[in-house]
Structures are given as C-alpha cells and as structure tokens.
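# Structural features, examined
The residues making up each chain are set out below.
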Amino acid sequence: MKRINEYKKLFGVEKEIELTTLKKKYRDLVKEWHPDKFLEGDALQAEAEIQSRRVIDGYHFLVSIAPETIASNLENYTETINVAGIADYKHKGLLLEITFHDGSTYEYFGVTKQVYQKMINSDKLNRFAKRNIYPKYVYRKTKKSLETA
C-alpha cells in the first residue's frame, strides 16, 4: 500500500486512476525530469536519472492496477483463479505474491500477516484465497512464464 500511495502522490492522483490523466501527467513528468535536459556534469543530472526511472516505474505500476486495466484483463484473471490452482506463494510485508499452475503471477497489496497465516493454515488453500484474498485486495499481474511449444 505504501508503494501505491507513493506513486499516486508522485502523479497527483487522488482516488481513482484514470489512464488518460495518468498518461498526461506521465508525459509532463518525463519532460521535466528527462536526463538529456541537463548538461554533463550538472548536479541535477544524477537526480534527473533517478527521478526519471521513478516516474517510469510509477507509471507502469499505476497502469497495471488501474480499473481500466483490471477490467480489460478480468476474463483471463477469472479463468486463472478458477481453473489454475496455486503453485507457489510468498508474503513479504503487506505484499502477497501468488504463482498459479498456468505460469501467471499476481501480487496482492495490503495482505496482513494474520490473513496470510490463516491462508497457509487453511486446509483448502484455493478456497480460502477465493473467499478472502481475490475479491478483497488490490492486485496486479506481474508476469507469465513462457509456454513451451
């Protein structure tokens, strides 16, 4: 959640993430912090490189959790959580990363240690996740492994 709030603050997003507004803010910030804008040896050049990476990372992150992105990928997500079982999971801080048998990996934000403990102690992992994780937490798809031909 800290990461979400940090990037929202960087882009000036109050509540809902709208892709058109986000794209405009992204372009403005990239113009402002582009490293080529500063001369070699300028004190702000190093800061500009850091800021431009932060802007790019933040943009891609916010796009991945935007309601429009979630809606467009909902069919694939629904198929994954209903058909492919959980292959692996990791919890760090408030981030739960679940890898499914189809190779896709999703991150769930704000999952507390108590919820994670209940999940791993559950006798039916998929059932617990379907009821207590998937519908309640902000998520994003992070990767899908390459399928072999």
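Everything quoted here is computed from the prediction, not taken from an experiment.

Moving on: the environment of Thr78. Checked against the element boundaries, Thr78 lands in helix 5 (residues 74-83). Here the alpha-carbon distance between Thr78 and Tyr134, two residues 56 residues apart in the chain, equals 9.7 Å. Only 2.7 Å separates the side chain of Thr78 from the backbone oxygen of Leu74, close enough to count as a polar contact.

Moving on: the nonpolar core. Within the largest apolar cluster, 19 residues are counted, with the highest numbers of intra-cluster contacts made by Leu96, Phe100, Tyr108, Ile133 and Tyr134. Contributions of two or more residues to this core are made by helix 5, strand 2 (95-100), strand 3 (104-109), helix 6 (113-121) and helix 7 (125-132). Ignoring sequence-local partners within four residues, the contact set of Phe100 consists of Thr80, Ile81, Ala84, Gly85, Ile86, Ala87, Tyr106, Tyr108 and Tyr134. Among the nonpolar cores identified, the runner-up in size contains 18 residues, and Phe11, Phe61, Leu62 and Ile65 belong to it.

The interhelical angle for the contact between helix 1 (residues 2-11) and helix 3 (residues 43-65), taken along N-to-C directions, is 115 degrees, at an axis separation of 10 Å. Classed by the angle they form, the pair helix 1 and helix 3 counts as roughly perpendicular. Between helix 1 and helix 3 lies a crossing whose hand is left-handed. Counted together, Arg3, Ile4, Glu6, Tyr7, Lys8, Leu10 and Phe11 of helix 1 and Arg54, Val55, Asp57, Gly58, Tyr59, Phe61, Leu62 and Ile65 of helix 3 form the full contact between these two elements. Looking at the contact of helix 1 with helix 3 residue by residue, the classes come out as nine nonpolar, one polar and five charged.

Cut-offs applied
Residues numbered from 1 in each chain as written. Predicted model: local features only at pLDDT ≥ 70, side-chain atom pairs only at ≥ 80, totals over all residues. Heavy atoms only, no water. Helix = DSSP H or I, 4+ residues; strand = E, 2+ residues; numbered from the N terminus. Polar contact = N/O pair within 3.5 Å; in protein donor to acceptor, adjacent residues only side chain to side chain. Core = buried A, V, L, I, M, F, W, Y, C linked by side-chain atoms within 4.5 Å. Buried < 20%, exposed > 50% of the residue type's maximum accessible area, 1.4 Å probe, protein only. Contact = heavy atoms within 4.5 Å. Axes fitted to C-alpha atoms, helices over the stretch in contact; angles between N-to-C directions. Parallel < 35°, antiparallel > 145°, perpendicular 65-115°, else oblique. Left-handed = near helix turned anticlockwise from the far one by under 90°. Nonpolar A, V, L, I, M, F, W, Y, C, P; charged D, E, K, R; others polar.

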